[in-house]
Amino acid sequence: LAEFASKIDSLGVLETQERELVNAYKILIDESRPSGERVKQANLLKRYGQFDEQAVESMWKLFSEQKKPYDQAAALSALKGYVSTDRRGDVLAAINEDLTGGYKNGRLRYFGIEALEPLLPDPAVLEQLAIIAENDPERKIAARAAKSIATTLGKGDRAIDRRK
């Protein structure tokens, strides 16, 4: 069997990929590594179906215990598709804090929209996205929120028109 396997992967591609994924996992859970590096590894693991519960928890910890303003945003970008209704409140609270603080972290709002979108038509998520769509000073972010709402409400409904 080993001989057969070695013939299938005579160039060692599978072995190299396995080493790469093991290394990516180690980097992702290493809290001493920069958040951007950890998120990059999270995306690699997601691409190969290796983003398991421990990896998700590591990103939630990065989101919850951020050291720099953009660490939360970076963590949310990795958590897209992994925000449960149990964690929804944490994301909504972080976005709300940014809104009340003067819309300073556009990346947090944008990645927050993407992370929360799978939970639609959840009323709390809809409400938050409507606030962003109507009030966000960055047109791209407001448009992203409006698009999420429009998609949820159906193709026939109009998105909020930001042109004035």
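Residues numbered from 1 in each chain as written. Predicted model: local features only at pLDDT ≥ 70, side-chain atom pairs only at ≥ 80, totals over all residues. Heavy atoms only, no water.

1. Brief notes about the pattern of salt bridges
Counted by the stated rule, this structure contains ten salt bridges. We note a salt bridge from Arg109 to Asp98, for which the minimum N-O separation is 2.6 Å. Residue Arg109 is located in helix α7 (residues 106-116), and its partner Asp98 is located in helix α6 (residues 85-100); the two are separated by eleven residues in the primary sequence. For Arg109, a relative accessible area of 0% translates into the label buried. Here Asp136 ties to Arg109 by a salt bridge, and the two come within 2.4 Å at their closest N and O atoms. Placement of the pair is Asp136 in the loop between α8 (123-135) and α9 (139-153) and Arg109 in helix α7, with a sequence separation of 27 residues. Linked through salt bridges whose partners overlap, the residues forming this network are Asp98, Arg109, Asp136 and Glu138. (Salt bridge = Lys/Arg side-chain N within 4 Å of Asp/Glu carboxyl O. Helix = DSSP H or I, 4+ residues; strand = E, 2+ residues; numbered from the N terminus. Buried < 20%, exposed > 50% of the residue type's maximum accessible area, 1.4 Å probe, protein only.)

2. Focus: the packing of helix α3 (residues 35-47) against helix α5 (residues 71-79)
Following both chains from N to C, one finds α3 and α5 inclined at 5 degrees, their axes separated by 9 Å at the closest point. If you check the angle between α3 and α5, you find them roughly parallel. Residues Ser35, Val39, Ala42, Asn43 and Lys46 of α3 touch α5, and the partners they reach there are Asp71, Ala74, Ala75, Ser77 and Ala78. Of the residues in the contact of α3 with α5, the class split is five nonpolar, three polar and two charged. (Axes fitted to C-alpha atoms, helices over the stretch in contact; angles between N-to-C directions. Parallel < 35°, antiparallel > 145°, perpendicular 65-115°, else oblique. Contact = heavy atoms within 4.5 Å. Nonpolar A, V, L, I, M, F, W, Y, C, P; charged D, E, K, R; others polar.)

3. Focus: α8
With 13 residues, α8 should reach 18 Å at 1.5 Å per residue; the first-to-last C-alpha distance of 18 Å fits that figure. For α8, the elements touching its buried residues are α6, α7 and α9. Capping the start of α8 is the job of one residue whose side-chain oxygen sits 2.9 Å from the backbone nitrogen of Ala124: Asp122. (Expected span 1.5 Å × (residues − 1). Polar contact = N/O pair within 3.5 Å; in protein donor to acceptor, adjacent residues only side chain to side chain.)

4. A word on unusual backbone geometry
In this structure, Pro121 follows Leu120 across a cis peptide bond, with omega equal to 15 degrees. Looking at the element boundaries, Pro121 is found in the loop between α7 and α8. At Tyr103, a residue that is not glycine, the phi angle is positive and equals roughly 55 degrees. Relative to the elements of secondary structure, Tyr103 occurs in the loop between α6 and α7.

5. Observations concerning the packing of aromatic side chains
Here the structure, examined in full by the defined rule, presents three aromatic pairs. Here the aromatic rings of Phe51 and Tyr82 are separated by 4.9 Å at their centres, their planes lie at 70 degrees, and the arrangement is edge-to-face. Separated by 31 residues along the polypeptide, Phe51 in the loop between α3 and α4 (53-64) and Tyr82 in the loop between α5 and α6 bring together distant segments of the chain. For Phe51, a relative accessible area of 7% corresponds to the buried category. (Phe/Tyr/Trp six-rings, centres within 6.5 Å; stacked < 30°, edge-to-face > 60°.)

6. Brief notes about the nonpolar core
Formed by 41 residues in total, the largest nonpolar core has its most connected members in Met59 and Phe63. Dropping the residues within four chain positions of it, Phe63 is found in contact with Gln72, Ala75, Leu76, Leu79, Asp90, Val91, Ala94 and Leu108. (Core = buried A, V, L, I, M, F, W, Y, C linked by side-chain atoms within 4.5 Å.)

7. Looking at the side chain of Arg144
As for its placement among the helices and strands, Arg144 is situated in helix α9. We classify Arg144 as buried; its relative accessible area is 11%.

8. A look at the confidence of the model for the chain
Taken as a whole, the chain shows an average pLDDT of 88; of its residues, 85% reach a score of 70 or greater. Scored below 50 in pLDDT, residues 155-164 shows 13 contacts in the model against residues more than four places distant or in partner chains. (pLDDT = per-residue confidence, 0-100.)

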